[in-house]
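Single-letter residue listing:
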Amino acid sequence: MRKIAVFKQKPHEVADACLAKTDLLPLTWPAKLELAYQRVKMRTVPVLRRHKGPLRVQKHLYPEGSAVCQHLILHPPGGIAGGDTLDIQIHAGSHAWAQLTSPGAAKWYRSEVSLARQNLTLSTEPGGILEWLPQETIFFAGCQTALDTTIDLAEDAKVIAWDIIALGRPASGERFNSGRIHQRFRLRRNGRLLWSERMQLLGGSRLLESPIGFAGYPVAGTLLASGELNDQQLAACRSLPIEGGRGGLTQLPGLVVARFLGEEAEAARNWFIALWQELRPALLGRSVSIPRIWNT
């Protein structure tokens, strides 16, 4: 008869062994969100709302009338950890107008090994309009992050999009002295590249202090708006005060680009909102209606 060996372990020892094995397993939480909009008579309506994992939108809103459909993008966990993947795809049909924002800051947490990713694709048919106006993204020290954003515009389509990043948590004494952020951004019209940018930022690198980099500031922002401003409109945008940092605005062929460097994300957001109030009527033909979620 075969003898069976019996090992006596205390309950807490068994639990500790199970937790040790679990720590070796990669914990990931993939999420995907697909949204599409169409113009039906004088109204923009959502025609696709597909999600997987922890990405959602609340019900569609029309705070400024039926022409503009507003959605709030939600990530219920409240933060992105190593190994997580966010895949967001948004499409505006011919002459549809969609505005996307978020109820709060996105947080990318520290990760020892695993890379966290976000892939964002905005696309339009002719005459479509997209506004991508998220609140800031906070990168905790030690995060391992890759972000890839692509905007594809058809003929006569328009976009206003901004991105605000905050490095570390200076108010808590945390600087971005470790970690890695890889960011790529492309904007095309009819397949022709209008804007391309790539950033590889290592925590504690000299780029954070360099005058040709972040110049010691923990917050940076970029705003892009398709179209061209006349001299008077450019002057109005450039005359807007910038508090808590510094910035500049440039007119490129078919594209307006604004840059910000500063101490706080709120300062970047306030300046971008002020620019948006000038750019939206000039380039999109409609005055600004501030999303109510920004005031909560």
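The name that an unreviewed UniProt entry assigns to the protein is Urease accessory protein UreD, with the source organism given as Nitrosococcus watsoni. Recorded under Function (unreviewed entry), the UniProt text for the protein is reproduced unchanged: "Required for maturation of urease via the functional incorporation of the urease nickel metallocenter." A UniProt comment under Subunit (unreviewed entry) is attached to the protein, and it reads "UreD, UreF and UreG form a complex that acts as a GTP-hydrolysis-dependent molecular chaperone, activating the urease apoprotein by helping to assemble the nickel containing metallocenter of UreC. The UreE protein probably delivers the nickel."

Undergrad: Whenever I open this one, unusual backbone geometry confuses me. Can you help?
TA: Across residues other than glycine, the phi torsion is negative in most instances, and most of the peptide bonds are trans. One non-glycine residue with positive phi stands out, namely Asp-156, at about 65 degrees. Its location among the elements puts Asp-156 in the loop between strand 11 (144–153) and strand 12 (158–167). The class for Asp-156 is exposed, based on a relative accessible area of 55%. Its identity is not glycine, yet Ala-215 carries a phi of approximately 55 degrees, on the positive side. Take Ala-215: it is sitting in the loop between strand 14 (192–202) and strand 15 (219–226).

Undergrad: It is not clear to me how the layout of surface pockets should be interpreted in this structure. Could you clarify?
TA: Taking a probe equal in size to a water molecule and rolling it over the atoms shows the remaining empty space. In this structure, the largest pocket spans a volume of roughly 570 Å³. Around the largest pocket, the lining is made up of 35 residues, and of these Ser-102, Ala-106, Gln-118, Pro-134 and Thr-137 lie nearest the centre. Looking at the lining of the largest pocket, the elements with two or more residues in it are strand 4 (68–74), strand 5 (85–92), strand 7 (106–108), strand 8 (116–124), strand 11, strand 12 and strand 13 (180–189). Looking at the lining of the largest pocket, the element that brings in the most residues is strand 12, giving four residues. Considering only residue class, the lining of the largest pocket consists of 21 nonpolar, eleven polar and three charged. Space inside the second largest pocket adds up to approximately 420 Å³. Lining the second largest pocket are 22 residues; nearest its centre among them are Glu-197, Met-199, Ala-220, Thr-222 and Arg-259. For the lining of the second largest pocket, the elements supplying multiple residues, two or more each, are strand 12, strand 13, strand 14, strand 15 and strand 17 (255–262). Broken down by class, the residue content of the lining of the second largest pocket amounts to 13 nonpolar, four polar and five charged.

Rules of the game
Residues numbered from 1 in each chain as written. Predicted model: local features only at pLDDT ≥ 70, side-chain atom pairs only at ≥ 80, totals over all residues. Heavy atoms only, no water. UniProt positions renumbered as here; feature names shortened; annotations may be inferred. Helix = DSSP H or I, 4+ residues; strand = E, 2+ residues; numbered from the N terminus. Buried < 20%, exposed > 50% of the residue type's maximum accessible area, 1.4 Å probe, protein only. 1 Å grid on protein atoms, 1.4 Å probe; cavity = no way out; pocket = protein on both sides within 12 Å on 5 of 7 lines; lining within 4 Å. Points joined across faces, edges and corners; volume = space filled by probe spheres on them. Nonpolar A, V, L, I, M, F, W, Y, C, P; charged D, E, K, R; others polar.

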